Amino acid sequence: MQLRKTSRKQPLPKSYIQDLENRVFEELGIAPERSKTIALTSISKPWAVAASFVLLIGGLWYYTNQAKTTSIEQLNVEQIAGYLGNDYEAERYLDATINTLGNEMTLGWHEAELTEEAVSQFLTVDSDTYWMTEINENENP
Amino acid sequence: MTEVELLTFLKNPKTKTRGFTYLFDTYNERLYHHIRSIVHNHTYTDDVLQNCFIKVYHNIESFEGKSALYTWLYRIATNEALSFLRKEAKHQQLDVDDLRMAALTNQEADPYFDASEAEKKLEVALTQLPHRQATVFSLHYNQELKLREIAEILDTSLGNVKALHHLAQKKIKKILNQP
């Protein structure tokens, strides 16, 4: 049997709420006070607005910088993955290739300098070489 | 309005009435359904709910803010409902659980209870449970409160609430599966 969680929370008749309100407030000897500006009169409101503004600016600044970094990284990985035709192994394959070609590379080599020409070198390393590289590395650390 | 703001209003004599009006508007339906799940009919619920709001107004100064305000409200409502059941049962010379069962008999004629067949069956099943199990189940199922919050409301351990909820679920399943 399927039970609906919310149907028992049907709104109560307004007349009942009004009647209850009358009785409660009468018993307490007070009259209900409603104001549309109740929230705006709060002391914490201006601080909340200022804090929200600061958070918004900070968030935008952070997002902009993060987005830049992410796009550079994603571009490289996607580019390499495209060349190698093997998305999920691309990063591991790249690591192995860098190790294999390590002696021929300059000390200043890093991923940010990866060019199309450099990537084309990776194509000379096939998956067999990759696995062999890993085995050799394990045997001769 | 946040809970902190509401409390600031309630604890300041100059703004107490405004804060209390806001509290009444915000919680009347939720507390109605919670109390109703314990006492099972509109007349009893109405009495308990009125007393509950009056108690809240008179005791708000003693609320220290160690738990959430709504937890405190549910606790007052639960205690008021259980206390009402005990008094009424004594008055009618019945056991509390028998009184809960009897309270349900006028459900069909009750204009404030327009539930589906399944929910009516659940309501009946709840009356067959010991009231603490029924309260835990109802707070979790109807009011969608977490077991940790229920433990705070009932002033008991989380382990106890888990056990009560487990037993309630098991019994309700059994009752609902009966032909």
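Bear in mind the structure is a predicted one, so any value in this text is a computation, not a measurement.

**Points about the overall build of chain B**
- Helix and strand counts for chain B stand at nine helices and zero strands.
- Secondary structure elements of chain B occur, N-terminal to C-terminal, as α-α-α-α-α-α-α-α-α.
- When the 179 residues of chain B are sorted by exposure, 34% land in the buried category.
- Of all intrachain contacts in chain B linking residues separated by at least 6 positions in sequence, the fraction that spans at least 24 positions is 59%.

**Focus on the overall build of chain A**
- A tally of helices and strands in chain A yields five helices and zero strands.
- The order of helices and strands in chain A, counted from the N terminus, is α-α-α-α-α.
- The buried share of chain A, reckoned over its 141 residues, is 9%.
- In chain A, the proportion of contacts linking residues at least 24 apart, taken out of those at least 6 apart, comes to 59%.

**Side note on helix H3 (residues 42-59) of chain B**
- Between its first and last C-alpha, H3(B) extends 25 Å over 18 residues, near the 26 Å set by a 1.5 Å rise per residue.
- Within the sequence span of H3(B), burial applies to His42(B), Tyr44(B), Thr45(B), Val48(B), Leu49(B), Cys52(B), Phe53(B), Val56(B) and Tyr57(B).
- On its buried face, H3(B) is in contact with helix H1 (14-28) of chain A together with helix H2 (16-39), helix H4 (69-91) and helix H5 (96-103) of chain B.

**Notes on unusual backbone geometry**
All names here are of chain B.
- Phi is positive for His-40, which is not a glycine, with a value near 70°.
- With respect to the element layout, His-40 can be found in the loop between H2 and H3.
- In this model, Asp-155 sits at a positive phi of 55°, which is unusual for a non-glycine residue.
- One can find Asp-155 in the loop between helix H8 (147-154) and helix H9 (158-177).
- The class for Asp-155 is exposed, based on 9 C-beta atoms found within 10 Å.

**Remarks on H2(B)**
- Taking 1.5 Å of rise per residue, the 24 residues of H2(B) would be expected to cover 34 Å, yet its terminal C-alpha atoms sit only 30 Å apart, more than 12% below that figure.
- In H2(B), a bend of some 50° at Tyr27(B) exceeds every other bend along the element.

**Re the confidence of the model for chain B**
All names here are of chain B.
- The predicted model of chain B has a mean per-residue pLDDT of 87, with 93% of residues at 70 or higher.
- Looking across chain B, the model is least confident in H5, with a mean pLDDT of 77, and most confident in H3, with 94.
- Reported confidence for the predicted complex is 0.83 by ipTM and 0.61 by pTM.

**So, the nonpolar core**
- If you look at the biggest cluster of nonpolar residues, it comprises 45 residues, and the most contacted ones within it are Leu31(B), Ile35(B), Val39(B), Val48(B), Cys52(B), Ala81(B) and Ile150(B).
- Considering each element in turn, this core owes the most residues, nine residues, to H2(B).

**What about the packing of helix H1 (residues 3-11) of chain B against H2(B)?**
All names here are of chain B.
- Their axes nearest at 6 Å, the elements H1 and H2 cross at an angle of 135°. Here H2 runs oblique to H1, going by the angle between their axes. The crossing of H1 and H2 is left-handed. Where H1 approaches H2, its residues Leu-6, Phe-9 and Leu-10 are matched on the opposing element by Lys-16, Arg-18, Gly-19, Phe-20, Tyr-22 and Leu-23.
- Here the contact of H1 with H2 is built from residues that sort into six nonpolar, one polar and two charged.

Conventions and cut-offs
Residues numbered from 1 in each chain as written. Chains lettered and ligands numbered in written order. Predicted model: local features only at pLDDT ≥ 70, side-chain atom pairs only at ≥ 80, totals over all residues. Helix = DSSP H or I, 4+ residues; strand = E, 2+ residues; numbered from the N terminus. Buried ≥ 20, exposed ≤ 12 C-beta atoms within 10 Å, placed from the backbone. Contact = placed C-beta atoms within 7 Å. Expected span 1.5 Å × (residues − 1). Bend = angle between axes of the 7 residues up to and from the residue. pLDDT = per-residue confidence, 0-100. Core = buried A, V, L, I, M, F, W, Y, C linked by C-beta atoms within 7 Å. Axes fitted to C-alpha atoms, helices over the stretch in contact; angles between N-to-C directions. Parallel < 35°, antiparallel > 145°, perpendicular 65-115°, else oblique. Left-handed = near helix turned anticlockwise from the far one by under 90°. Nonpolar A, V, L, I, M, F, W, Y, C, P; charged D, E, K, R; others polar.

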